[in-house]
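Below, each chain spelled out in residue letters.
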Amino acid sequence: MDPVVIPILVAALVVVFLVAATVRIVPQARRYNIERFGRYRRTLQPGLNFVLPVADRVNTKLDVREQVYSSDPKPVITEDNLVVNIDTVLYYQITDPRAAAYEVADYLQAIDQLTVTTLRNVIGSMDLEATLTSREEINARLRAVLDDATGKWGIRVNRVEIKAIDPPNTIKEAMEKQMRAERDKRAAILHAEGERQAKILTAEGTKQKDILEAQGTQQAMILRADGESKAVELVFQAVHRNNADAKVLAYKYLETLPHLAQSDNNTFWVIPGELTEAIRTVTTAFGDQTGGAGLSASAEREDAAADIADSDKDSVGAPEIEPNSTLALDAVAAADEAAKQAAAAVSDAKAEAEAAGETRLPGRR
């Protein structure tokens, strides 16, 4: 080989080495800390950078994007002396590459230990129930402590989240029983509320039904009474229009007497004071068509009834006769006998009237 070529090759290799040692290409979202003779010189930004060969060297390469760090479960004791395991998730970002490289030896380990210490301080002042229901408060207090401590390390903590809180198994079983009891309680309350609403609706329906039935009964009674009043008025007008005499009225009066004792609940009977007058009127009307014996018998019954009525007029006006007394039985018997004789007299009168009509018809021809 030519002796001249060897020095040229050596010089070319030296140039290539110098160029490679001088040029530094930094990717986006990366930062390189440069040291010159072991002392921090500067931080290279993304892009093409030149350094002094041999004298400058890259100490640390840092990623300035937001990072996620998930810690292992850490045992923490609550205020009520229960050990719970808590997992945390940390979102951080390097804001000062020089401080992150030179202010702390291992910033991830430092953040992890600071998180555990802060958790123990925060949760140590809370019981288990408050710990399970106060995640937002715990996250806010953790973030405030970590952001204040990591600021001088060139790191900004954007967010801290509690990933899981695991109480002991016995506590889990007790919590499950409590939750089951709460659900059963809510179910019982809802069931009772449903029954209450159903009973209220049923009572309201029954109330409306009773009201409607009462209103219907009231309207029916009003209409019935109106009809009866109109019927009585028509009868009254018909009687006065036809000029009915006292004999017919007395006969209808006697026909009404048997209906007074038809009820099973009657324990005594009241004989009206007008009974003797009605009997006297009827017997007088039909006295000529009946025999002398019938007339004398009816007169005797009338005198007995009149004596009974006159003896009790001073007390009430219409005698009230108890069924156990002998006088009451005689009065009832007299009334029955008078009614029977009146009915017989009416039947005889009708028969004689029909016979008289049949005998008069041939003469008219």
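Here the structure is a predicted model, which means the values were calculated and not measured.

Caption draft 1: Region of interest: the packing of aromatic side chains. Tallied over the entire structure, the rule returns 2 aromatic pairs. Centre to centre, the rings of Tyr40 and Tyr102 are 5.6 Å apart; their planes meet at 70 degrees, and the pair counts as edge-to-face. Of the two residues, Tyr40 sits in strand β3 (residues 39–44) while Tyr102 sits in helix α2 (residues 97–102), which places them 62 residues apart along the sequence. Taking 6.0 Å as the distance between ring centres and 65 degrees as the angle between the ring planes, the aromatic pair formed by Tyr92 and Tyr107 counts as edge-to-face. Taken together, the positions of Tyr92 in strand β8 (residues 83–94) and Tyr107 in helix α3 (residues 107–123) put the pair 15 residues apart, joining distant regions of the chain. In terms of burial, Tyr92 and Tyr107 fall into one category: buried.

Caption draft 2: Structural detail: empty space enclosed by the protein. One pass over the full model with this rule turns up 3 cavities of 30 Å³ or more. Estimates place the volume of the second largest cavity at around 50 Å³. Counting only elements with at least two residues in the lining of the second largest cavity, the list comes to β8 and α3. A class-by-class count of the residues in the lining of the second largest cavity yields 4 nonpolar, 3 polar and 1 charged.

Caption draft 3: The arrangement of a positive patch on the surface in detail. On the surface, Lys177, Arg180, Arg183 and Arg186 cluster together into a patch of positive charge. Checked against the element boundaries, Lys177 lands in helix α6 (residues 169–242).

Caption draft 4: The pattern of salt bridges, seen in detail. Taken as a whole, this structure holds 8 salt bridges when the rule is applied. In this structure, Asp56 and Arg36 form a salt bridge, with 2.6 Å as the shortest nitrogen-oxygen distance. Residue Asp56 is found in strand β5 (residues 56–63), and its partner Arg36 is found in strand β2 (residues 30–36); the two are separated by 20 residues along the sequence. When its relative accessible area of 7% is taken as the criterion, Asp56 is described as buried. The partner of Arg196 in a salt bridge is Glu193, and the shortest N-O contact between them spans 3.1 Å. Of this pair, Arg196 and Glu193 both sit in helix α6, 3 residues apart, which is roughly one turn of that helix. When its relative accessible area of 45% is taken as the criterion, Arg196 is described as partly exposed.

Reading the values: rules and limits
Residues numbered from 1 in each chain as written. Predicted model: local features only at pLDDT ≥ 70, side-chain atom pairs only at ≥ 80, totals over all residues. Heavy atoms only, no water. Phe/Tyr/Trp six-rings, centres within 6.5 Å; stacked < 30°, edge-to-face > 60°. Helix = DSSP H or I, 4+ residues; strand = E, 2+ residues; numbered from the N terminus. Buried < 20%, exposed > 50% of the residue type's maximum accessible area, 1.4 Å probe, protein only. 1 Å grid on protein atoms, 1.4 Å probe; cavity = no way out; pocket = protein on both sides within 12 Å on 5 of 7 lines; lining within 4 Å. Points joined across faces, edges and corners; volume = space filled by probe spheres on them. Nonpolar A, V, L, I, M, F, W, Y, C, P; charged D, E, K, R; others polar. Patch = residues over 30% accessible without salt bridge, like charges linked within 9 Å, V, L, I, M, F, W, Y side chains within 5 Å. Areas by Shrake-Rupley, 256 points an atom, 1.4 Å probe, with all protein chains shown as cover. Salt bridge = Lys/Arg side-chain N within 4 Å of Asp/Glu carboxyl O. Lys, Arg positive; Asp, Glu negative; His and termini not counted. Charge placed at Lys NZ, Arg CZ, Asp CG, Glu CD.

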